[in-house]
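Chain by chain, the residues run as shown.
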Amino acid sequence: QLRPVESGGGSVQPGESLRLACTFSRFSSDDYWVAWFRQAPGKEREAVSCINSVDDTTHYTSAVKDRFSISRDRSKNVVYLQMNNLQPADTGVYFCVVDPKNLRVGSLYWSHSRSVDAWGQGIRVTVSS
């Protein structure tokens, strides 16, 4: 089964930056989204950003717009989430999802029952002063 692997999390102070990486093997689909979700204690999991495999179209939730940037290194099959000016509200467990079944982020509304919906184990990001 496809299993993304996240890396790059950690503990930082407000205003600092982290770059998360999601690595995954290629699979049968060639048109899909790769998304980052996050979940904070007591809050529902939410999609933060996503990028399209074909044309690199990106979407961001308003809370991270202009601070986070998602990108893809096709030569390495890695998706990154650059997180700048981190704030305590960004604290949570971040998950990489390849070809999510359901996705709402920014202006994107996506639902595809046949999606692979491959979730990583999650990686912690802690922002505190």
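I will try to describe carefully the structure that is included in this document. The model shown is predicted, which means the values in this text are computed figures rather than measured ones. All residue numbers here refer to positions counted from 1 along the written sequence of the relevant chain. Where totals are concerned, whole chains, interfaces and linings use all residues; where local detail is concerned, this predicted model gives features only for residues with pLDDT of at least 70, and gives and counts side-chain atom pairs only at 80 or more. Side-chain metrics rest on all non-hydrogen atoms present in the structure, leaving aside hydrogens and water.

1. As for the state of the cysteines
Whenever a pair of cysteine sulfur atoms sits within 2.5 Å, that pair is classed as a disulfide. Counted by the stated rule, this structure contains one disulfide. Each disulfide pairs two cysteine sulfurs, and for C22 the partner residue is C96, the sulfurs being separated by 1.9 Å. Its S-S torsion of about -75° marks the bond between C22 and C96 as left-handed, since a negative value means left-handed. Of the two residues, C22 is situated in strand β3 (residues 18-23) and C96 in strand β9 (residues 92-98); the sequence distance between them amounts to 74 residues. Comparing C22 with C96, the two get one shared label, buried. Cysteine C50 shares no disulfide, and the gap to the nearest cysteine sulfur, in C96, comes to 11 Å. Burial classes follow relative accessibility: with a 1.4 Å probe on protein chains only, a residue under 20% of its type's maximum area counts as buried, one over 50% as exposed, and anything between as partly exposed. Here C50 falls in the buried class, since its relative accessible area comes to 0%. In this description a helix means any DSSP run of H or I spanning at least four residues, a strand means any run of E spanning at least two, and both kinds are numbered starting from the N terminus.

2. Here we look at the side chain of D99
Structurally, the position occupied by D99 is in the loop between β9 and β10 (102-105). This count recognises Lys and Arg as positive and Asp and Glu as negative, with His and chain-terminal groups excluded. Any carboxyl oxygen of Asp or Glu that lies within 4 Å of a side-chain nitrogen of Lys or Arg is treated as forming a salt bridge with it. Buried charge without a salt bridge: D99, with R114 as the nearest opposite-charge side chain at an N-O distance of 9.0 Å. At 3.4 Å, the side chain of D99 and the side chain of S115 are in polar contact. Pairs of residues are marked as contacts when any of their non-hydrogen atoms sit within 4.5 Å. Leaving out residues up to four positions away in the same chain, D99 has contacts with F27, S29, Y32, W33, S115, V116, D117 and A118. Any N or O atom pair separated by 3.5 Å or less is treated as a polar contact, with the protein-specific requirement of one donor-capable and one acceptor-capable atom, and with residues adjacent in sequence counted only for side-chain atom pairs.

3. Side note on the pairing of β10
Of the two faces of β10, the one holding L103 and V105 is buried and the one holding N102 and R104 is not buried anywhere. Strand pairing follows a simple DSSP-based rule, namely that at least 2 bridges must link the two strands. Alignment of β10 against strand β11 (residues 108-111), held across four bridges, turns out to be antiparallel. From the neighbouring strand, N102 faces β11, where its bridge partner is S111. Counting the residues between successive antiparallel strands, the hairpin from β10 to β11 contains two residues, one of them, G106, with a positive phi of roughly 60°.

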